[in-house]
Amino acid sequence: MAGCLLALVPGCASDAPDPLVVLGPWTGKEGEAFEAALQRLDDGTGRTYTYEGTRSLRETLVSQLEADTPPDVAVLNSIGELTEYARRDKLKPLTEPTRERAFSPWSPELLVDGSSRTYWVPLKVDLKSLVWSKKGTPSDDPAWCVGLASQATSGWPGTDWIEDILLHQAGPGRYEQWATSRLSWRDPDVVRAWTTWAELLDGRSDASVEQSLTTSYEGTSGPAGPRGLLNSPGFACTHEHQSAFIRYVYAGDDIRVEPSARFLRGRAENRDAFEVAGDMAAVFSDDPDAQELVERLSSPAGRARWRAEADPAVRPLFPDTKGLPPTEPANTVEQEIDGLLNSTARTLCFDASDVMPPELRDAFHRAVLEFFRDPAKKHLDSLLRQLETIRVQVDEDADDARSFRPPEHICAGPGG
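All chains use their own residue numbering, which begins from 1 and follows the written sequence. Side-chain atom pairs in this predicted model are given and counted only at pLDDT of 80 or more, local residue features only at pLDDT of at least 70, and totals for whole chains, interfaces and linings cover all residues. To obtain the side-chain values, all non-hydrogen atoms of the structure were used and water was disregarded.

- The protein is annotated in an unreviewed UniProt entry as Alpha-glucoside ABC transporter substrate-binding protein from Streptomyces liliiviolaceus.

Pasting the structure below:
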């Protein structure tokens, strides 16, 4: 201690840099696995890392930015939010070789002052466009499980339905235009997606509607945690439309997963199109070690370390498997999902609501809840007029002083 007080002894801890802070969406077992991988990340500099996991990611990050205390790295699942931060000059463009891992459609380039720049890279991804059921259950006349509650983001499971239907009915091109605010919400293709969803869920009682509005997308809770909607008491349903991440609530169950295309009244040429989501890392700090951290997290070695730390039920999926050693699937469900993402899919389109500006996305969530309670045509017309008004207003309010162009291409073939 005395030596350090004299400030003459090399290696005194007083000169050690502060830990790099990573803010992310993963909690529970997912958060524990990521934090374990982060703590085992040796970059040779002696830097340490602190992980802050929260379900209130946007609120936490906005608060930190307003206080001028942003994290060094934040992991977000919304291209719309990331675009907003890039427009406001809160993000730092990524350096090589991280840019080489910015696979489409998860990391579209942005045009800023005439230059193409990459601001985020996917760390893990999820495959949407999936339907879950118990093995042996007939699929000819499915009874759909629906849980729309998700705290501040309630409604997003319904937006996933509408997005998936539009993708398979209208095709990736129209989907891209709609997701990137270049297509009216009153366009016939958009209207048809909403009405198709209502038709697929037709015949629900008032009690069933209220149950879906108040039940979590994870289903009801049991002694071991969320049961999943297929196993929740009071849900007389046979099929669930949900992303690949829901596999963690069905681990060990006799569950079947299959592509959603054949259930959605779409066109045959769109059957190999899949909606996807992702968790993308962006740098908010001027510290060059933050860039190095993102490079290591997105590297094959970083991904292998993270995958090794995770339980099979929450093992992350990655946007490109090149450079990773082969992994034996934990079960047939994981094997099926991996095959669909890396072999079957011909077109991958990023989650449309997560591409939209946050104001429009949030309004979409609310509109889904209102429409689920009252799917009458007159009510739908009113909701879509409101969404169209917000789309136009947000577009007019965008600050283009920096010649900033948001992403337009959020569909791509596997591997970019």
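Having seen the structure, we can now continue with the description.
Here's the deal with the environment of alanine 261
Alright, step 1. Secondary structure elements are taken from DSSP: a helix is a run of H or I of four residues or more, a strand is a run of E of two residues or more, and numbering for both begins at the N terminus. With respect to the helices and strands, the residue alanine 261 is situated in the loop between strand S12 (255-259) and strand S13 (273-283).
Alright, step 2. For every residue, the accessible area (1.4 Å probe, protein chains only) is compared with the maximum for its type, and the residue is labelled buried under 20%, exposed over 50%, or partly exposed between those bounds. Here alanine 261 falls in the buried class, since its relative accessible area comes to 8%.
Alright, step 3. Discounting residues that sit within four places of it in the chain, alanine 261 has contacts with His168 and Arg271. Contacts were defined at the residue level, with two residues in contact if any of their heavy atoms lie within 4.5 Å.

Some points on the packing of helix H8 (residues 206-214) against helix H12 (residues 358-373)
Alright, step 1. Remark: H8 packs on H12, axes separated minimally by 10 Å, with the N-to-C direction vectors making an angle of 160 degrees. It follows from the interaxial angle that H8 and H12 lie roughly antiparallel. Pair H8 / H12 crosses with right-handed handedness. Along its contact with H8, which presents Val209, Glu210, Ser212 and Leu213, the element H12 presents Leu369, Phe372 and Arg373.
Alright, step 2. Per-class residue counts for the contact of H8 with H12 are 4 nonpolar, 1 polar and 2 charged. Lines are fitted to the C-alpha atoms to define the axes, a helix being fitted only along its stretch in contact, and any angle between axes, read from their N-to-C directions, falls within 0 to 180 degrees. Roughly parallel means an angle under 35 degrees; roughly antiparallel, over 145; roughly perpendicular, 65 to 115; everything else is oblique. If you view the pair so one helix is near and one far, a crossing is left-handed when the near helix is turned anticlockwise from the far one by less than a right angle, and right-handed when it is turned clockwise. Residue type decides the class: Asp, Glu, Lys and Arg count as charged, Ala, Val, Leu, Ile, Met, Phe, Trp, Tyr, Cys and Pro as nonpolar, and the leftover types, Gly among them, as polar.

Structural notes on the pattern of salt bridges
Alright, step 1. Salt bridge, as used here: a side-chain nitrogen of Lys or Arg that lies within 4 Å of a carboxyl oxygen of Asp or Glu. One pass over the full model with this rule turns up 31 salt bridges.
Alright, step 2. Of the charged contacts, one joins aspartate 126 and lysine 124 as a salt bridge, the two residues approaching to 3.5 Å between their closest N and O atoms.
Alright, step 3. Here glutamate 258 ties to arginine 262 by a salt bridge, and the two come within 3.3 Å at their closest N and O atoms.
Alright, step 4. Judged by its relative accessible area of 14%, glutamate 258 falls in the buried class.
Alright, step 5. Owing to a relative accessible area of 41%, arginine 262 belongs among the partly exposed residues under this scheme.
Alright, step 6. Several salt bridges converge on common partners, so that one network encompasses Arg58, Glu81, Glu84, Arg88, Arg361 and Asp362.

Some details on the state of the cysteines
Alright, step 1. Cysteine sulfurs are considered disulfide-paired once they come within 2.5 Å of each other. Evaluation of the coordinates by the stated rule reveals 2 disulfides.
Alright, step 2. In this model, cysteine 145 is linked to cysteine 237 through a disulfide, with the two sulfur atoms separated by 2.0 Å. Here cysteine 145 and cysteine 237 share a disulfide; its torsion about the S-S bond, 90 degrees, makes the bridge right-handed. On the criterion of sequence distance, the pair formed by cysteine 145 in strand S8 (residues 144-145) and cysteine 237 in the loop between strand S10 (225-226) and strand S11 (239-241) is long-range, its members being 92 residues apart. Pair check on accessibility: cysteine 145 and cysteine 237 agree, each one buried.
Alright, step 3. Two residues share a disulfide in this structure: cysteine 349 and cysteine 411, whose sulfurs sit 2.0 Å from each other. With the S-S dihedral at roughly 115 degrees, the linkage between cysteine 349 and cysteine 411 falls on the right-handed side. Within this pair, whereas cysteine 349 is found in strand S14 (residues 347-350), its partner cysteine 411 is found in strand S16 (residues 411-412), the two being separated by 62 residues in sequence. For the pair shown, cysteine 349 and cysteine 411 are each scored as buried.
Alright, step 4. Indicated for the protein is the disulfide connectivity 1-2, 3-4, based on numbering the bonded cysteines in sequence order.

Re the environment of arginine 101
Alright, step 1. Position of arginine 101 among the secondary structure elements: in the loop between helix H4 (79-87) and strand S4 (110-112).
Alright, step 2. The residues touching arginine 101, leaving out its near neighbours within four places in the chain, are Val121, Pro122, Glu295, Ser298, Ser299 and Pro300.
Alright, step 3. Among the polar contacts made by the side chain of arginine 101, one reaches the side chain of serine 298 at a distance of 3.3 Å. Nitrogen and oxygen atoms within 3.5 Å of one another constitute a polar contact, given that in protein one can donate a hydrogen and the other can accept it, and given that sequence-neighbouring residues count only through two side-chain atoms.

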